[in-house]
There are 6 protein chains.
Amino acid sequence: MSVITMRFLASAMAPGLDRTVSGGTVMKWIDEAGYACASGWARRHCLTVYASGVRFHHPIGLHHLVEVEARLAYTGHTGMNIAVEVRSGDVKGGRMLKTTECLMVFVAVDDTGEHMPVDAWKPGTPGEMALARAVRTQLEAYRTPQFA
Amino acid sequence: MSVITMRFLASAMAPGLDRTVSGGTVMKWIDEAGYACASGWARRHCLTVYASGVRFHHPIGLHHLVEVEARLAYTGHTGMNIAVEVRSGDVKGGRMLKTTECLMVFVAVDDTGEHMPVDAWKPGTPGEMALARAVRTQLEAYRTPQFA
Amino acid sequence: MSVITMRFLASAMAPGLDRTVSGGTVMKWIDEAGYACASGWARRHCLTVYASGVRFHHPIGLHHLVEVEARLAYTGHTGMNIAVEVRSGDVKGGRMLKTTECLMVFVAVDDTGEHMPVDAWKPGTPGEMALARAVRTQLEAYRTPQFA
Amino acid sequence: MSVITMRFLASAMAPGLDRTVSGGTVMKWIDEAGYACASGWARRHCLTVYASGVRFHHPIGLHHLVEVEARLAYTGHTGMNIAVEVRSGDVKGGRMLKTTECLMVFVAVDDTGEHMPVDAWKPGTPGEMALARAVRTQLEAYRTPQFA
Amino acid sequence: MSVITMRFLASAMAPGLDRTVSGGTVMKWIDEAGYACASGWARRHCLTVYASGVRFHHPIGLHHLVEVEARLAYTGHTGMNIAVEVRSGDVKGGRMLKTTECLMVFVAVDDTGEHMPVDAWKPGTPGEMALARAVRTQLEAYRTPQFA
Amino acid sequence: MSVITMRFLASAMAPGLDRTVSGGTVMKWIDEAGYACASGWARRHCLTVYASGVRFHHPIGLHHLVEVEARLAYTGHTGMNIAVEVRSGDVKGGRMLKTTECLMVFVAVDDTGEHMPVDAWKPGTPGEMALARAVRTQLEAYRTPQFA
């Protein structure tokens, strides 16, 4: 399975929430959905190695239902490149809006932390192929510049 | 929408988990999914008034992906009767098993706690009508005996 | 010892509490008190196998002192049938009210999860004998109907 | 009521516990029991102003049942002097041992944080009078030396 | 103050930690340090609008002391561009290693969520000027490609 | 290193915080900083054996930046005597005030809980020598009286 959608109440996953969820809490949810997608594909424990392009469009409120969709875009030898989208809306009947998006890279590891090969993901539909191209282009752009 | 499925990692929702999730933690998840189903239907804040028939078939492990499905069975004037089923399996590729099931009753309330009427749910398919009958029968049986 | 009363501040056990404690959090407390009662009797680790008749009479507030009393009603070969009552009131001097009640069944297990026999509990006083009868009647009623 | 005993499972109050409870977590429990004792006596919100003589005799384990007993020793105009004792033992049938003890001072406050007078506590039994004397002596000894 | 270093035990900030801290938890810490840096400079509440280049070099263990250093790189009209570096090592005397790095953008907001202007940060030393240039180059590279 | 300063946001370390941090939560933070100081000096796991003179001068608010400074005062054979000072102020630019102070004693232990010798700390500056004298005097005064 190359895509998984987590779904939960903001208040259940962020006890003690004041009024809106902090950016850091949203990043934690993104990482958990990406992990579920990566380790479900690899059938192994995985580690986060990279996250980028985390854009926060709208705040997430106390009473929001949250959906975090993680979608495998393309695979390398041991790495899995995953696009994550967060949507949320008031659980009492509100419309779901895209609140955050992000790209992530995970690697599969064995019990000693060694990187392990993963099955290749073959995009089949035009949409899957377009996603693979877009994510590859963006991740390569992110990686080129060197931070001092 | 009369059915909602929450999905999350056991480890994300129960930090500090030892080896398997306690029955009480599963009941907390059931209540949250039931609340999302009820308040999504009523478009109001809801309160839990009753839970029964909580059967624990299998333990839920640390690395499990958890699905909690809450399904509106039938409505009264202010009450919503909801059947909840919990499934879980190893996020690293395991098969999902039914781990827990439960019936719950919620009421919609306004800001002062007053019970508020809710739209009637009209089961349409044979499956929905059978669920409504089964849940009604079971809840009535649960309510008859009086506890000393 | 066949009865145990847990006592704590709602705010200490449910950090991040908004105004009243959710039904799910109360069910988590009920499970913990039931577990303490069962494992104290069995002198072994125990698992929750069933909960029923969870009635929520009053909400529990942020500043409430909470008492959760779990009382062994009768025992089977490996199972312990326990009645739980929750009372709460403002810690700043309020009267304690019954807020929730519940019946639970626990089994004793060894390290591999095998069910283990437990000592029989012999109700001695008229009150204990009445409780055993009432709980047995109610649990049997709960178990009869089959959910779809 | 001049004495209150909190009772809970270590694992429920300290989720994520490794093997034994940290000293800081025990101090948090002591403060909560002292707060319940003070605010129950004052029938107001209270603030911790002083803690001393926190002695850790035994570690508290993951499976321990914990009792924290807070006992009003003597009162001043706005202050309440409270002796706290922590006992714990394996919930699966272990003997309760005294694990920690402590003295605390709380003041009652109104909504603006102003100190408010409290009813005087009159020790009646020889044990209560001895406790009042012992706590007063010890707190005065603690307060005399100046740090730096 | 244009730089702030948070310091804490991994076990205190991530209760229930298994063996190593998840990438998502590290991202939550990075966001908190970035928030403290941004809101300390702006003297207002701030919101996370962007994070990028989150590279995970080494895992962070249960017994690690963690340092999260957030450094203002350059300011726009309402935005603050911040470089964050995470270092960690065994609290029992281990050497601190760089474990994660990241770039973040925050905006200052008023009570209604409106973006508010912030004082300009004027890099003074050669190191500060080099950081400003490097972060600006990298953030621009990150922003150019469009996802999907 | 004989001194360590922890630094974090109150809201990050006390999720679910209402308006001000409870005294018990501050004591938990003090214990963590003392532990980091002790185990960093001993290069071993340490246990809290004593805390005293915990004075609460000012409350700590929801938006406060918190600094907890733990400073080795003098060492015995296996014990480390540590002075802790807590400062806090609004992260949005407020001045840091001393909010709490405390003395603590830790011992180094091996894996079986046996006390282990620690390197002696030799105060070098006049300030260090004055601190050692003041803490020793105060701890001795605290220990003399016997409770009950």
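Residues numbered from 1 in each chain as written. Chains lettered and ligands numbered in written order. Predicted model: local features only at pLDDT ≥ 70, side-chain atom pairs only at ≥ 80, totals over all residues. Heavy atoms only, no water.

1. Examining the overall build of chain A
Step number 1: Each helix and strand in chain A was counted, giving 3 helices and 5 strands.
Step number 2: Put simply, chain A runs from its N terminus to its C terminus through helices and strands in the order β-α-α-β-β-β-β-α.
Step number 3: Its C-alpha atoms give chain A a radius of gyration of 16 Å, within 12% of the compact-globule value 15 Å for 148 residues.
Step number 4: In chain A, once contacts between residues fewer than 6 apart in sequence are set aside, the share between residues at least 24 apart is 72%.
Step number 5: Here chain A has roughly 6,100 Å² of accessible surface; of this, 53% comes from carbon and sulfur atoms.
Step number 6: Distance between charge centres in chain A, computed from 15 positive and 14 negative side chains, equals 6 Å. (Helix = DSSP H or I, 4+ residues; strand = E, 2+ residues; numbered from the N terminus. Rg over C-alpha atoms; globule rule 2.2 N^0.38 Å. Contact = heavy atoms within 4.5 Å. Areas by Shrake-Rupley, 256 points an atom, 1.4 Å probe, with all protein chains shown as cover. Lys, Arg positive; Asp, Glu negative; His and termini not counted. Charge placed at Lys NZ, Arg CZ, Asp CG, Glu CD.)

2. As for the interface of chain F and chain D
Step number 1: Each partner contributes to the interface: chain F provides 31 residues, whereas chain D provides 31 residues.
Step number 2: Viewed at the interface, chain D and chain F are joined by 9 residue pairs in polar contact (both at pLDDT 80 or more).
Step number 3: Among the elements that line the side of chain F that touches chain D, the one with the most residues is strand S2 (residues 46-56) of chain F, at 9 residues.
Step number 4: Residue composition of the side of chain F that touches chain D, by class: 17 nonpolar, 9 polar and 5 charged.
Step number 5: Pairing analysis gives 4 bridges linking strand S2 (residues 46-56) of chain D to S2 of chain F, with the strands arranged antiparallel. When the bridges of S2 of chain F are listed, Val54 of chain D appears paired with Ala51 of chain F. (Polar contact = N/O pair within 3.5 Å; in protein donor to acceptor, adjacent residues only side chain to side chain. Nonpolar A, V, L, I, M, F, W, Y, C, P; charged D, E, K, R; others polar. Pairing = 2+ DSSP bridges.)

3. A few points about the state of the cysteines
Step number 1: Overall, the coordinates contain 0 disulfides over all chains when judged by the stated rule.
Step number 2: Here Cys102 of chain A is not cross-linked by a disulfide; its sulfur's nearest cysteine counterpart is in Cys102 of chain E, at 10 Å.
Step number 3: The exposure class of Cys102 of chain A is buried, given its relative accessible area of 2%.
Step number 4: The thiol of Cys46 of chain F is unpaired, and the distance to the nearest cysteine sulfur, on Cys37 of chain F, comes to 9.4 Å. (Disulfide = S-S within 2.5 Å. Buried < 20%, exposed > 50% of the residue type's maximum accessible area, 1.4 Å probe, protein only.)

4. Quick look at unusual backbone geometry
Residues and elements named next belong to chain C.
Step number 1: With a phi angle near 55°, Arg43 is a residue other than glycine that sits in the positive phi range.
Step number 2: Assignment of secondary structure puts Arg43 in the loop between helix H2 (23-42) and strand S2 (46-56).
Step number 3: Arg43 sits in the exposed class, given a relative accessible area of 56%.

5. Quick word on the packing of aromatic side chains
Residue and element names in this part refer to chain C.
Step number 1: One pass over the full model with this rule turns up 12 aromatic pairs over all chains.
Step number 2: Relative to Trp29, the ring of Phe8 lies with its centre 5.0 Å away and its plane at 75°, an arrangement referred to as edge-to-face. Taken together, the residues Phe8 in strand S1 (residues 3-9) and Trp29 in helix H2 connect sequence positions 21 residues apart.
Step number 3: Residue class for Trp29 comes out buried when judged on its relative accessible area of 3%. (Phe/Tyr/Trp six-rings, centres within 6.5 Å; stacked < 30°, edge-to-face > 60°.)

6. With respect to the relation of the copies chain F and chain D
Step number 1: Take chain F, turn it by 180°, move it 0.0 Å along the axis, and it overlays chain D with an RMSD of 0.0 Å. Given the turn and translation reported, the copies of this chain are related as if by a two-fold rotation axis. The position closest to the rotation axis in chain F is occupied by the C-alpha of Ser52 of chain F, lying 2.0 Å away.
Step number 2: Of the interface residues in chain F, 100% have counterparts in chain D that sit at the interface too, so the contact is made through matching surfaces. (Least-squares fit on C-alpha atoms with pLDDT ≥ 70 in both.)

7. Some thoughts on the pattern of salt bridges
Step number 1: The tally for this structure, following the rule as stated, stands at 48 salt bridges over all chains.
Step number 2: Arg7 of chain A serves as the salt-bridge partner of Glu67 of chain A, at 3.0 Å between the closest nitrogen and oxygen. Taken as a pair, Glu67 of chain A in strand S3 (residues 64-75) and Arg7 of chain A in strand S1 (residues 3-9) lie far apart in primary sequence, 60 residues in all. Per residue, the accessibility class of Glu67 of chain A equals that of Arg7 of chain A, and both read buried.
Step number 3: Between Glu69 of chain C and Arg71 of chain C there is a salt bridge, and its shortest N-O distance comes to 2.9 Å.
Step number 4: Judged by its relative accessible area of 17%, Glu69 of chain C is buried.
Step number 5: Within this structure, Arg7, Glu67, Glu69, Arg71, Glu85 and Arg87 of chain A form a network of salt bridges that share partners. (Salt bridge = Lys/Arg side-chain N within 4 Å of Asp/Glu carboxyl O.)

8. Looking at the confidence of the model for chain A
Step number 1: Looking at chain A as a whole, its pLDDT mean stands at 90, while 93% of the residues score no less than 70.
Step number 2: Two numbers describe this predicted complex: its pTM, 0.92, and its ipTM, 0.91. (pLDDT = per-residue confidence, 0-100.)

9. Brief notes about the pairing of strand S5 (residues 97-108) of chain F
All names here are of chain F.
Step number 1: Most of S5 sits out of view: 10 of its 12 residues are buried.
Step number 2: Judged from the 8 bridges that link them, S2 and S5 form a sheet pairing that is antiparallel. Opposite Cys46, over in S5, you have Ala108 as the bridge partner.
Step number 3: Sheet topology places strand S4 (residues 79-90) next to S5; 10 bridges connect them, and they run antiparallel. Residue pairing for S5: Val84 is matched across the bridge by Cys102.
Step number 4: Taking the residues between adjacent antiparallel strands as the criterion, S4 and S5 are bridged by 6 residues, where Gly93 takes a positive phi near 100°.

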